Amino acid sequence: GTETGQVHFDEAKLNDQQIIDQVKKTGYGDTVTGGSTASEKLAGHHDMSHAGPDEHAEHARSEDEEHIRLRLRKFLGALVLSLAVLALTFAVDVPKEREIMMILSFIILAYSGREFFAKGIPALLRGRPGMETLVALGVGAAFLYSSYGTLFSEMGEEYFMDAAIITMFILLGRYLEARAKGSARE
């Protein structure tokens, strides 16, 4: 809920850097803050160790609002472009429509869906696949297959719409989740 964790350890056996390295391997943040020594707390964002309770609450609220706005921007970008891909798939007939859908889908995946690839592929390589891995593999495979067919062959099927719509709906879920977490923290 707070996206932080506390670590208590024997300094004779471990040091801060070893703990940070292990946290990084699992895919979480690595900023050390708080406590009487830097080794007492690992947090995901900014050093607020000298702030009072009101400053902590205001900082958390500010980060929540920024995170929610980012989620909304990514979702709305994917929504607009997905609607365009949907229109090209079913309603509009234009020359080079597959190439246009490929470009629009690429923009969705590169901007709005980048987090799935940035987190999912490294998690797979670490042997700890999760939701991001599933999304990255699914939409990535659909996009690559459709791109190959569009650029190098005359295959009948393309899945640009599927990659775009799946990404957009998952981003909607992430936006709603961010809003709910922000409300719960408030």
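Residues numbered from 1 in each chain as written. Predicted model: local features only at pLDDT ≥ 70, side-chain atom pairs only at ≥ 80, totals over all residues. Heavy atoms only, no water.

Engineer: Tell me what's going on with a nonpolar patch on the surface, and back it up with residues and numbers.
Structural biologist: Residues Leu-70, Ile-103, Phe-106, Ile-107 and Tyr-111 make up a contiguous nonpolar surface patch of roughly 450 Å² in combined accessible area. Looking at which element gives the most residues to the nonpolar patch, the answer is helix H3 (residues 97-112), with four residues. Following the sequence through the fold, Phe-106 ends up in helix H3. (Patch = residues over 30% accessible without salt bridge, like charges linked within 9 Å, V, L, I, M, F, W, Y side chains within 5 Å. Areas by Shrake-Rupley, 256 points an atom, 1.4 Å probe, with all protein chains shown as cover. Salt bridge = Lys/Arg side-chain N within 4 Å of Asp/Glu carboxyl O. Helix = DSSP H or I, 4+ residues; strand = E, 2+ residues; numbered from the N terminus.)

Engineer: How would you sum up the confidence of the model for the chain? Please name residues and give values.
Structural biologist: In the predicted model, the chain carries a mean pLDDT of 82, and the fraction of residues at 70 or more is 78%. Across the chain, the secondary-structure element scoring lowest on mean pLDDT is strand S3 (residues 41-43), at 45, and the one scoring highest is H3, at 95. Counting interchain partners and residues more than four positions distant, the pLDDT-below-50 stretch residues 36-51 has 45 contacts. (pLDDT = per-residue confidence, 0-100. Contact = heavy atoms within 4.5 Å.)

Engineer: I'd love a proper account of the pattern of salt bridges, names of residues and values included.
Structural biologist: Counted according to the given criterion, the structure contains four salt bridges. A salt bridge links Arg-71 to Glu-115; the nearest nitrogen and oxygen atoms lie 2.8 Å apart. Of this pair, Arg-71 sits in helix H2 (residues 53-90) while Glu-115 sits in helix H4 (residues 114-125), and the two are 44 residues apart along the sequence. Here Lys-74 ties to Glu-115 by a salt bridge, and the two come within 3.6 Å at their closest N and O atoms. Of this pair, Lys-74 sits in helix H2 while Glu-115 is found in helix H4, placing the two residues 41 residues apart along the sequence. What makes Lys-74 buried here is its relative accessible area of 12%. Connected via shared salt-bridge partners are Arg-71, Lys-74, Glu-115, Glu-132 and Arg-174. (Buried < 20%, exposed > 50% of the residue type's maximum accessible area, 1.4 Å probe, protein only.)

Engineer: Tell me about the environment of Tyr-111, and name the residues and values.
Structural biologist: Position of Tyr-111 relative to the elements: it lies in helix H3. Judged by relative accessible area, which is 34%, Tyr-111 ranks as partly exposed. With 34 residues separating them along the chain, Tyr-111 and Gly-77 place their C-alpha atoms 8.5 Å apart.

Engineer: Report on unusual backbone geometry, specifying residues and quantitative values.
Structural biologist: The phi torsion at Lys-96 lies on the positive side, around 60°, for a residue other than glycine. Position of Lys-96 relative to the elements: it lies in the loop between H2 and H3. When its relative accessible area of 59% is taken as the criterion, Lys-96 is described as exposed.

Engineer: A description of the packing of aromatic side chains should follow, citing residues and the corresponding values.
Structural biologist: Evaluation of the coordinates by the stated rule reveals four aromatic pairs. Where Phe-106 meets Phe-143, the ring centres are 6.1 Å apart and the plane angle is 35°; that geometry is what we call tilted. Residue Phe-106 is found in helix H3, and its partner Phe-143 is found in helix H5 (residues 131-152); the two are separated by 37 residues along the sequence. Here Phe-143 falls in the buried class, since its relative accessible area comes to 11%. Geometrically, the ring pair formed by Phe-143 and Phe-160 is edge-to-face, given 5.8 Å between the ring centres and 65° between the ring planes. Note that Phe-143 is positioned in helix H5 and Phe-160 in helix H6 (residues 160-185), a separation of 17 residues in sequence. An aromatic cluster of three or more residues is present, and its members are Phe-106, Phe-143 and Phe-160. (Phe/Tyr/Trp six-rings, centres within 6.5 Å; stacked < 30°, edge-to-face > 60°.)

Engineer: Report on the packing of H5 against H6, specifying residues and quantitative values.
Structural biologist: Packing of H5 against H6 brings their axes to within 8 Å, and their N-to-C directions diverge by 155°. If you check the angle between H5 and H6, you find them roughly antiparallel. Judged by the twist between their axes, the crossing of H5 over H6 is left-handed. Across the interface between the two elements, Met-131, Glu-132, Val-135, Val-139, Ala-142, Phe-143, Ser-146, Ser-147 and Thr-150 of H5 pack against Phe-160, Ala-163, Ile-166, Thr-167, Ile-170 and Arg-174 of H6. Class assignment of the residues belonging to the contact of H5 with H6 gives a composition of nine nonpolar, four polar and two charged. (Axes fitted to C-alpha atoms, helices over the stretch in contact; angles between N-to-C directions. Parallel < 35°, antiparallel > 145°, perpendicular 65-115°, else oblique. Left-handed = near helix turned anticlockwise from the far one by under 90°. Nonpolar A, V, L, I, M, F, W, Y, C, P; charged D, E, K, R; others polar.)

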